[in-house]
Amino acid sequence: MPSVLDGMVRRKPIEQIEDESGGAGLTRTLGLWQLTAIGVGGIIGAGIFSLAGAVANEKAGPAVLISFLVAGIASAAAAFSYAEFAGLIPKAGSAYTYGYAVLGEFTGWAIGWDLLLEYTAIVAVVAIGISGYFDDLLGFMHVHLPLWMSGAPGTEPKGVADGSYKINLFAVLLCLLIAWVLNLGMKNAARFETALVYLKVGIVLLVIVVGVFKIRSGNYSPFFPFGLTGAFTGAATVFFAVFGYDAMSTAAEESQEARKHMPKAILYSLAISMVLYVAACLVLTGMVDYRDINPNAAFSSAFKSVGLNTVGIIIAVGAILGVLTVLFTFMMGATRVWFSMSRDGLLPGWFARTHPTRHVPTRITWILGAASAVIAGFLPIAEAAELTNIGILLAFIVVCVAVIVLRYRRPDLPREFRTPGMPVVPAVGILFSIWLITFLEWQTWVRFAVWFLIGCAIYFAYSRRHSLLNRR
């Protein structure tokens, strides 16, 4: 009988991960550019259309550009590690699967359990952000929703009586819509995602091309109104806007030629997104004084303030449609992590059953769709956002550590992509992630600790004994 510690550190053989199916395999339908589109769809979204304005207005000023660059550097260091693993272990689960294979079952469980909360919360945050643009769009059209359905309780703006808001109904419906789209099957869902990504990139390019002619250099001064600390705090806040490739990598099991395509898709999606982020931030803070930026609908309001109402309406519509891709990517990521954990026996196998014809984990998708809808409907965006960052940073640390360990433990494994500058580049990802964690509020740590303790209770009460490795 193995001891508790033996169970916690047992590792899933990489060869076994590659060969497993368990009757619950996913269908490989995604090509390189569909994967890249899913990555771009996950990275570009609330970061531009909501967070850029909020961070500029409240934390960093024009130095929001630095916030995105710092977050991007940390993300890039980890992206190389993800790319190596994606080419080596092309299976669903991403950081959960990598951690399980290299650092042991409990580490894999902890990261997988953590990502379930992080990804679900991100879906809710983005849905709330889109609802802000929806309200802005209705304002352009002089249409006003009933107050009870206009926002989460306690988020009433000045001039609206406390208790008037009951639920953010639009955000709730968005979460349920994405769950429905994902249940159509990955091939059809990916077509929907790719079309919206093209639309979204077009909207961002419109912002840049038109907005550059409205820049006033005086708006860049002072560049650091909140000091360097404000820029770095902003980096910790926007970090979840630059790691959509993490959720995209959970779709490895649905990728054609996954060993070849997944590493490229990860790096392409991050590079494209960072260029657009930097250019958009320069335009936004150049058009409007950071103190006047609307944190809820930054770009559409900015263009309205300079007399370009039509462009503002186009951006509001594009933001609503385009940011749906973020919901798609992260809800897909959460379902694939849960699917992998259930297939491995760490959660009940009932969840891992896929639809007989569409080959998607329907049960998991509807459960997570409902959970994200509840968060989006009843929590303010700030509280929901605080649930997101710490888990992703910890996942980055685990993946960067794991890629170093595996490179020296199993140098013989065939790697389609090799992380450059080993072990310096992964170490940079580790240090940046730890550094960014220190900027998170203590309330974030409390929420994380509560969720982690719940996960520990489930692991020791159920997962350790029902793990497929334990049965074998």
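No experiment lies behind these values; they were computed from the predicted model shown. (Residues numbered from 1 in each chain as written. Predicted model: local features only at pLDDT ≥ 70, side-chain atom pairs only at ≥ 80, totals over all residues. Heavy atoms only, no water.)

(A) Region of interest: the nonpolar core. Formed by 162 residues in total, the largest nonpolar core has its most connected members in Phe239 and Tyr245. Take this core: its biggest share by element is 19 residues, from helix H7 (residues 105-140). (Core = buried A, V, L, I, M, F, W, Y, C linked by side-chain atoms within 4.5 Å. Buried < 20%, exposed > 50% of the residue type's maximum accessible area, 1.4 Å probe, protein only. Helix = DSSP H or I, 4+ residues; strand = E, 2+ residues; numbered from the N terminus.)

(B) Looking closely at the packing of helix H9 (residues 186-211) against helix H14 (residues 309-322). Their axes nearest at 9 Å, the elements H9 and H14 cross at an angle of 150°. With respect to each other, H9 and H14 are oriented roughly antiparallel. Pair H9 / H14 crosses with left-handed handedness. Taken together, the residues of H14 that come into contact with H9 (itself represented by Leu196, Leu199, Lys200, Ile203, Leu206 and Val207) are Val311, Ile314, Ile315, Gly318, Leu321 and Gly322. Here the residues of the contact of H9 with H14 are counted per class, giving nine nonpolar, two polar and one charged. (Axes fitted to C-alpha atoms, helices over the stretch in contact; angles between N-to-C directions. Parallel < 35°, antiparallel > 145°, perpendicular 65-115°, else oblique. Left-handed = near helix turned anticlockwise from the far one by under 90°. Contact = heavy atoms within 4.5 Å. Nonpolar A, V, L, I, M, F, W, Y, C, P; charged D, E, K, R; others polar.)

(C) Broad picture of the environment of glycine 391. Summarising the element assignment, glycine 391 is placed in helix H18 (residues 389-409). Residue class for glycine 391 comes out buried when judged on its relative accessible area of 0%. Separated by 281 residues in the primary sequence, glycine 391 and alanine 110 place their C-alpha atoms 9.6 Å from one another. Not counting residues within four places of it along the chain, the set of residues in contact with glycine 391 comprises Asp114, Leu115 and Glu118.

(D) Main features of the packing of aromatic side chains. The tally for this structure, following the rule as stated, stands at 25 aromatic pairs. The interplanar angle of 70° and the centroid separation of 5.2 Å between the aromatic rings of phenylalanine 106 and tyrosine 459 together place this pair among those described as edge-to-face. One end of the pair, phenylalanine 106, is in helix H7; the other, tyrosine 459, is in helix H20 (residues 442-466), and 353 residues separate them in sequence. Through a chain of ring-to-ring contacts, the aromatic side chains of Phe106, Trp109, Trp113, Trp445, Phe448, Trp451, Phe452, Tyr459 and Phe460 assemble into a single cluster. (Phe/Tyr/Trp six-rings, centres within 6.5 Å; stacked < 30°, edge-to-face > 60°.)

(E) Representation of the environment of isoleucine 390 within the structure. Structurally, the position occupied by isoleucine 390 is in helix H18. Sequence separation between isoleucine 390 and phenylalanine 213 is 177 residues, and the spatial gap between their C-alpha atoms is 38 Å. Sequence-distant contacts of isoleucine 390, defined by excluding residues within four places in its chain, comprise Glu118, Leu440, Thr444, Trp445 and Phe448.

(F) Highlighting helix H15 (residues 324-343). Helix length check: H15, at 20 residues, gives a terminal C-alpha distance of 28 Å against a target of 28 Å (1.5 Å per residue), a fit within 8%. Among the 20 residues in H15, 20 count as buried, and that is most of the element. (Expected span 1.5 Å × (residues − 1).)

Purely geometric stuff here, so don't read any function into it on its own.
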